[in-house]
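Structural characterization, general
Chain by chain, the residues run as shown.
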Amino acid sequence: MDLRFTADQRDFRDEVRTWLAENIPAEPLPPMDTPEGFEAHRGWERILFDAGWSVVNWPEAYGGREVGLVEWLLFEEEYYRSGAPGRVNTNGITLLGPTLFAYGTPEQHERFMRPMAAGDEIWAQGWSEPDSGSDLASISTRAIRDGDDFVLNGQKTWCSRGAWADWMFCIVRTDPDSERHRGLSYLLVPADSPGLERRPVGRLDGEPAFAELFFSDCRVPAVNLLGEEGQGWSVAMATTSSERGLNLRAPGRFLAAAGRLADLYRRASAEHDVDPGVLDQVVRAWMAADAYRWQTYATASRLQAGGELGASASMMKVFWSELDVELHATALRLLGSHGELVADAPEAVDAGSWMSGYLFALSGPIYAGTNEIQRNIIAERVLGLPRK
Amino acid sequence: MDLRFTADQRDFRDEVRTWLAENIPAEPLPPMDTPEGFEAHRGWERILFDAGWSVVNWPEAYGGREVGLVEWLLFEEEYYRSGAPGRVNTNGITLLGPTLFAYGTPEQHERFMRPMAAGDEIWAQGWSEPDSGSDLASISTRAIRDGDDFVLNGQKTWCSRGAWADWMFCIVRTDPDSERHRGLSYLLVPADSPGLERRPVGRLDGEPAFAELFFSDCRVPAVNLLGEEGQGWSVAMATTSSERGLNLRAPGRFLAAAGRLADLYRRASAEHDVDPGVLDQVVRAWMAADAYRWQTYATASRLQAGGELGASASMMKVFWSELDVELHATALRLLGSHGELVADAPEAVDAGSWMSGYLFALSGPIYAGTNEIQRNIIAERVLGLPRK
Amino acid sequence: MQFSFTDDQVMFAETVRDILANECPPSAVRASWEDPDGRVPGLWETLAATGVLGVAAPEAHGGLDMSTLDLVLPLEEFGYAACPEPVAEHAAVAIPLLSGHAAGPVADEWLGRAAEGTALLTAGSPTDAFVLAAERADLALLCADDEVHAVPAGSYTAVAQASVDHARRLARVDWTRGPDTLLSDDPAVVREVLDRGALAAAAQAVGVGRRLLDLTVAYVAEREQFGRPVGVNQAVKHHCSNVAIALEFAGPSVHKAAWSCAQGEGPEGGDPSLDVSTAKVLASDAVDLACRAALQCHGAIGYTIEHDLQLWLKRGWALSASWGDAAFHRRRVGEALAAG
Amino acid sequence: MQFSFTDDQVMFAETVRDILANECPPSAVRASWEDPDGRVPGLWETLAATGVLGVAAPEAHGGLDMSTLDLVLPLEEFGYAACPEPVAEHAAVAIPLLSGHAAGPVADEWLGRAAEGTALLTAGSPTDAFVLAAERADLALLCADDEVHAVPAGSYTAVAQASVDHARRLARVDWTRGPDTLLSDDPAVVREVLDRGALAAAAQAVGVGRRLLDLTVAYVAEREQFGRPVGVNQAVKHHCSNVAIALEFAGPSVHKAAWSCAQGEGPEGGDPSLDVSTAKVLASDAVDLACRAALQCHGAIGYTIEHDLQLWLKRGWALSASWGDAAFHRRRVGEALAAG
């Protein structure tokens, strides 16, 4: 065991830190989930890509640096600490990306990876349907093979960034007689496909960050199938594992937020009397972020030694999502009556980012499989409790 | 609405308070769940009874004072505040008592109520079996009618005070072909019945406070049936409602404990630096006890106006049992390294009563239907959520 | 000891409930978000006609000369409806304060119009930085150190501060303290402002919590996943039960505090401020729990602006934090407990 | 960055685990409750033979000259077995303190015998009033203000203080401070006593938590009610999952703190005391949760003295509270965070 970063790792971290300090936009970008903000964030992706920071752990052929897991974690820590803009193509890079590497054909790799890394093609996830949320296997959107195309009919919803994305990665039912997990396929759908209508839906913070997708005889070329026809469920589950575990929520995000929370505490206590119980909550959040960091490094070491992430991804998902909610709730308590202010209030502290962060955090225990379902998975697959 | 106690109520309270102050044993009695402590507590019951305080809300004919619900609540408040000995016949007076009044024959009333009130006959509950805990309807102890007797075979367990009690109130299966809730009967069993063996079982605190009861062709006269043969489940459920609600846990117990906790805080903070977060927890416990008190008085007013307790007894049971655990856990935190000491440690604070109180409190979320089951009941019967 | 409301009190609350159900449905709350003043057209006038605005005003000024105890159930209804009108600040804080402490001319000038609803009063909490409806109000009760001032609209500046709950029109208020506006320099009156406001916020919070629970129970009974309602899952049941329990015990605590405030002392002679703080803690904790559970049980649908749930989530967060949050009020009681 | 134990470290822990499984089963722990010294016959000698008692002693004194990092996994095993022997105080606190700070003659007198197990050392926490195994020990490390003393058995008095966990033989220890017993008057050495003890308690607490979880999972999978195992109920599953999550994150935190203590500084140059405090908080909270969940999921059977569960419940409570409870250690970190 040696918990120090190597000289190479420290050099890498310094390089990231220096580049970010010099290149982060002087003015915050407009919110990502507005048309202008979306394009501004796409521009930032391009800047990252050109400097080689967009997908550091990808092969060089697609714009990456082929760094290891630890370096990627360090990159994320620096990225979040720097306060750099949010990553508009996260769903593409971290959810679809690993699945494409695992299941895509060489042609698909050539076609999709680099534009994804460069922000030229921004991706949204088209999985949930109005009647298929937690119960993903009940998906009913159909894609029927017709010559070289699939013809899609149905509806997807809660599609983050779906209003302006260039592509969607969808799970669809290609065997109309199938049930549950069978007969599903994983399909890459261009946003400009004829027969696809998109309707923006406002998120809790008011931004139109979701979209509903309506497919009416929408034709998608069959070459856009990822994996085999009918193999969609197992392809999708590979992505789900990424979604819950390391790839979606590197500790950097929470470490940075915990650091900012401690800073907020210091500012608040310099200004006025702060209830002593609140410091205790600040410490809880800080410790949870620290624990998440080190559990992640331990996991990274295990993975690098050939271990599997498996169902422990569910433990990580529950932990980070609840830590994130508590951390932001603590910040709001610190802010007192300023807590409810949003960005355009003149006296909003830190531009209202604690409230918007709280709203965002509240989605954590819901998406990527509710925490209730994660806890079932932990009990059944990690602990071996009986299902029925 | 008038939340002041009436002059009569205040006089009653003063009378209780004065009597207790003058009559509480100068030395604490030995632990109730030892042979000598059991008899000492029986003696105290007799003293209470002779002074008319044993069963204040019962008819005068059986040694009570026929006071109303509010007076009974006031009595309990004063009783617990005074630090008087524990009531060794609680299971008889508060669990069996109301059921006997509701389902007993006049002969049974004459036979049982007064000796119960006087402590001459101390009762234990014989319901649970090794395979029937939460799932009470799965009871398998059989009681087969044979002439004027029932003949019992089977085993009961977790029978509080069962090692030395004089009588047991049992649920038994009188119809051997029946299943679940049908075919059960409620039977009053003398402890000296031939064919009944009792084995004391140590509780978490080491005291032999439980007993296992073994019935081997044990004959019990059929006149000891409470309610009709086969009606045992509905008779038992009447007791269960008492067990969960008002009768088992009057607020007095928690008010007194919260008051003692605040006192402990003051003593501790006078002696050494106390973590500020602990005061916050003391306040939480104090507020919960206060809320339980006033919710109970509101419930009493509702009941006196003809309302029913119903499933809200489940809400009370969850609330008091979890408040009790948190309250004692907070006390142990206040005590620091003194917390783990038990009564015979020379430096035990308050004679180790916080640890023994914690151990006792931990049984609250388990007995009388686990809190998990109570929460199901609340969801299904109060809120109307679907069962399946 | 009689812990129940009179039939008149219950009927009054039902009247308010019916009005709000008709005139302030979720669509009206939603529309108020877009209204320049955050109003529901016509609602204020209907409420004025019931007398609820002037419950606490003296009869001489057209009020009903009643107490906090008569207002507490209606205030729960305002929370239940997520009503955007600042009834609490107007009717439960400013009017009783003016009635109790204003000199004759000030009372004469304002109370009659306030009771009939032609003047809008508001009040700022000594714990909070911003004042609700200050831009729209005709008179604001404002605290500074140990003083309470009654400041007419023209004499203060109000800078709008957008809340996550767009129905709450907050503003930073500045004014020059002077003898003209001084209502009292007795710190007990500042405490009275806080207590009345905290109690009103607690009552509304309980109402918000009940609505969140009702919405959630209805949703989980209907929404199906895995071929059955999500409400059959024990985790969902327990989320709902926990909220029901918290509300069950917050309610009497709020009612007791209302009684104590109306009496000027607790049932056994205690400080009513401690009853208010206990009520606010229980109500804040209950509504916080209700918000978390409601959103979690709704899942993604509750996370959209198009679903009505957000109207109560945001009100719940705001009410929980305003007029002193749970930590503030626990500390107030803690200081009393520590002193013994 | 390499966050995993060596094969040797893992094998060493497995050796300890096997010994404890054989020589310290629940029946032996239970028997120790009745033993005058709270001992498991022969166990100490077997442990001495493996070298685990002298892991941290210098080779010159017959030790293995290894560090906290080599002891942390075995300490988890001592918790997992609810071992009554005071291995943590002896091997993880007293020996390294003597090794690091005792003058030659004192070290010569004690370390060799301690490493081979013929002398028993103990140590008292500056946070706690009582010392474990003081009546039985040959030498006790005791803190007073900024001083640490090494006091031989004849030079202190020990008054037994019964713990709810009868395997923990606590005593109030009194002695007369003097130059003869002074080990150090550097407050950093007092802090080192606390850090080593807190870390050892945290590691044992994680082990206790794991055993509680294992016992609970086994019980709820087997125990049937309503015609099926109680473990199929979602509430029971979630109790177990919550414990598993807490332990999953406490483990690496404890291991990181062990590494930091062995290095004398954190991975990025931080104060190892903060790592220890974080580990102790996570471990204390995890074992508290494990105790509550284990008892609740066992129900009444776990509430009897005849069931083995109580051996770990009581150890868990004691370890959580000793060497500084979670509140103490959060405050220690809080002061550092507040200072920035």
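Residues numbered from 1 in each chain as written. Chains lettered and ligands numbered in written order. Predicted model: local features only at pLDDT ≥ 70, side-chain atom pairs only at ≥ 80, totals over all residues. Heavy atoms only, no water.

What follows deals with the overall build of chain A. Within chain A one finds 11 helices and 8 strands. Over its C-alpha atoms chain A spans a radius of gyration of 21 Å, differing by no more than 12% from the 21 Å that the globule rule assigns to 388 residues. Taken across its 388 residues, chain A has 60% of its residues classed as buried. Put simply, 72% of the contacts in chain A that link residues at least 6 apart link residues at least 24 apart. In the structure as shown, chain A presents an accessible area of about 14,400 Å², 49% of it carried by carbon and sulfur atoms. (Helix = DSSP H or I, 4+ residues; strand = E, 2+ residues; numbered from the N terminus. Rg over C-alpha atoms; globule rule 2.2 N^0.38 Å. Buried < 20%, exposed > 50% of the residue type's maximum accessible area, 1.4 Å probe, protein only. Contact = heavy atoms within 4.5 Å. Areas by Shrake-Rupley, 256 points an atom, 1.4 Å probe, with all protein chains shown as cover.)

This part takes up the sheet that holds strand S7 (residues 182–184) of chain C. All names here are of chain C. Spatial ordering of the open sheet is given by S1-S3-S4-S7, a layout of 4 strands whose pairing is mixed. Two strands in the sheet have a free side with no partner beyond their single neighbour: strand S1 (121–123) and S7. Ignoring strand direction, the axes of neighbouring strands in this sheet form an average angle of 25°. Note that strand S4 (residues 147–152) and S7 share 2 bridges and pair antiparallel. Counterpart to Val148 in the pairing with S7 is Ser184. This element, helix H5 (residues 87–101), spans S1, strand S3 (139–144), S4 and S7 of the sheet and lies at about 90° to S1. Sitting on the sheet, helix H7 (residues 187–222) is in contact with S3, S4 and S7, with an inclination near 65° to S4. (Pairing = 2+ DSSP bridges. Axes fitted to C-alpha atoms, helices over the stretch in contact; angles between N-to-C directions.)

Leu98, Leu141 and Leu212 of chain C together with Leu98, Leu141 and Leu212 of chain D are the most contacted members of the largest nonpolar core, which totals 399 residues. Residue contacts for Leu141 of chain C: discarding those within four places in its chain leaves Ala94, Leu97, Leu98, Thr122, Ala123, Gly124, Val148, His149, Ala150 and Leu183 of chain C. (Core = buried A, V, L, I, M, F, W, Y, C linked by side-chain atoms within 4.5 Å.)

The next subject is the packing of aromatic side chains. Under the counting rule described, the total for this entry stands at 54 aromatic pairs over all chains. Measuring from centroid to centroid gives 5.5 Å for Phe112 of chain A and Trp123 of chain A, while their planes differ by 75°, and the two rings are edge-to-face. Of this pair, Phe112 of chain A sits in helix H5 (residues 106–118) while Trp123 of chain A sits in strand S1 (residues 123–126), and the two are 11 residues apart along the sequence. Of the two residues, Phe112 of chain A and Trp123 of chain A, neither departs from the other in class, the shared state being buried. These aromatic residues form a ring-pair network of at least three members: Phe12, Trp19, Trp44, Trp53, Phe75, Tyr79 and Tyr80 of chain A. Above the face of the Tyr80 of chain C ring, Arg17 of chain C is positioned so that its terminal group lies 4.6 Å from the ring centre. (Phe/Tyr/Trp six-rings, centres within 6.5 Å; stacked < 30°, edge-to-face > 60°. Lys NZ or Arg CZ within 6 Å of the ring centre and 35° of its normal.)

Our focus in this paragraph is the environment of Asp128 of chain C. Tracing the sequence through the fold places Asp128 of chain C in the loop between S1 and strand S2 (131–132). Residues Asp128 of chain C and Arg172 of chain C lie 44 residues apart in sequence; the distance between their C-alpha atoms is 10.0 Å.

Residue and element names in this part refer to chain C. In contact at an axis separation of 6 Å, helix H4 (residues 68–80) and H7 are set at 40° when each is read in the N-to-C sense. Judged by the inter-axis angle, H4 sits oblique to H7. The chirality of how H4 crosses H7 is right-handed. Residues Thr68, Val72, Leu75, Glu76, Gly79 and Tyr80 of H4 touch H7, and the partners they reach there are Arg196, Leu199, Ala200, Ala203, Gln204, Val206, Gly207, Val208, Arg210, Arg211 and Asp214. Looking at the contact of H4 with H7 residue by residue, the class counts come to 8 nonpolar, 4 polar and 5 charged. (Parallel < 35°, antiparallel > 145°, perpendicular 65-115°, else oblique. Left-handed = near helix turned anticlockwise from the far one by under 90°. Nonpolar A, V, L, I, M, F, W, Y, C, P; charged D, E, K, R; others polar.)

Okay, the domain arrangement of chain A next. Residues and elements named next belong to chain A. We note that the domain assignment places domain 1 (7–88), domain 2 (123–230) and domain 3 (245–382) within chain A. Taking only C-alpha atoms, the centre of domain 1 and the centre of domain 3 are 21 Å apart. In this assembly, 11 residues from domain 1 lie in contact with 16 residues from domain 3. When the two sides are added together, the surface that domain 1 and domain 3 hide from each other amounts to roughly 1,100 Å², 67% of it contributed by carbon and sulfur. Of all residues in domain 1, Leu73, Glu77 and Tyr80 bury the most surface against domain 3, accounting for 51% of the area lost on that side. Taken together, domain 1 and domain 3 are joined by 1 salt bridge. Residue Arg293 pairs with Glu77 through a salt bridge whose shortest N-O separation is 2.8 Å. Applying the counting criterion to the domain 1 and domain 3 interface returns 2 residue pairs in polar contact (both at pLDDT 80 or more). Split by residue class, the side of domain 1 that touches domain 3 holds 6 nonpolar, 2 polar and 3 charged. (Domains from an automatic or database assignment. Buried area = accessible area lost by both parts, 1.4 Å probe. Salt bridge = Lys/Arg side-chain N within 4 Å of Asp/Glu carboxyl O. Polar contact = N/O pair within 3.5 Å; in protein donor to acceptor, adjacent residues only side chain to side chain.)

What follows concerns the pattern of salt bridges. Evaluation of the coordinates by the stated rule reveals 101 salt bridges over all chains. For Arg161 of chain A, the salt bridge is made with Asp33 of chain A, and the minimal N-O distance between the two is 3.3 Å. A residue pair is termed long-range when its members are at least 10 positions apart, and Arg161 of chain A in the loop between strand S3 (149–156) and strand S4 (167–173) and Asp33 of chain A in the loop between helix H1 (7–23) and helix H2 (35–50) qualify at 128 residues. Between Arg267 of chain B and Asp350 of chain B there is a salt bridge, and its shortest N-O distance comes to 2.8 Å. Of this pair, Arg267 of chain B sits in helix H7 (residues 252–271) while Asp350 of chain B sits in the loop between helix H9 (312–335) and helix H10 (353–363); the two residues are 83 residues apart in sequence, bridging distant segments of the chain. Owing to a relative accessible area of 33%, Arg267 of chain B belongs among the partly exposed residues under this scheme.

Our next topic: the sheet that holds strand S6 (residues 169–175) of chain D. Strand pairing in a sheet relies on backbone hydrogen bonds. The paired strands run either parallel or antiparallel. Ordered in space as S2-S6-S5 (chain D), the 3 strands form an open sheet in which the pairing is antiparallel. Each having just a single partner strand, strand S2 (131–132) and strand S5 (156–162) of chain D make up the two edges of the open sheet.

What follows deals with the side chain of Ser321 of chain A. Residues and elements named next belong to chain A. Secondary-structure assignment places Ser321 in helix H9 (residues 312–335). Residue classification places Ser321 among the buried residues on the basis of a relative accessible area of 0%. Engagement of the side chain of Ser321 in a polar contact is seen with the backbone oxygen of Lys317, the distance being 2.8 Å. Within the local environment of Ser321, its side chain forms a polar contact with the side chain of Asn371, the two groups lying 2.9 Å apart. If we ignore the near neighbours within four places in the chain, the residues touching Ser321 are Ala361, Gly364, Pro365 and Asn371.

Further remarks concern the interface of chain A and chain D. For an interface, size is often stated in terms of accessible area lost upon the parts coming together. The interface is formed by 43 residues belonging to chain A together with 44 residues belonging to chain D. Taken together, both faces of the contact between chain A and chain D bury some 4,100 Å²; the carbon and sulfur share is 69%. Looking at the side of chain A facing chain D, the largest losses of area belong to Met1, Leu3 and Met287 of chain A, adding up to 19% of the total buried there. Where chain A packs against chain D, one counts 5 salt bridges. A salt bridge links Glu268 of chain D to Arg13 of chain A, with the shortest nitrogen-to-oxygen separation between them at 2.9 Å. At the junction of chain A with chain D, the criterion picks out 22 residue pairs in polar contact (both at pLDDT 80 or more). Sorting the residues of the side of chain A that touches chain D by element identifies H1, helix H7 (252–271), helix H8 (276–304), H9 and helix H11 (371–382) of chain A as the ones contributing at least two each.

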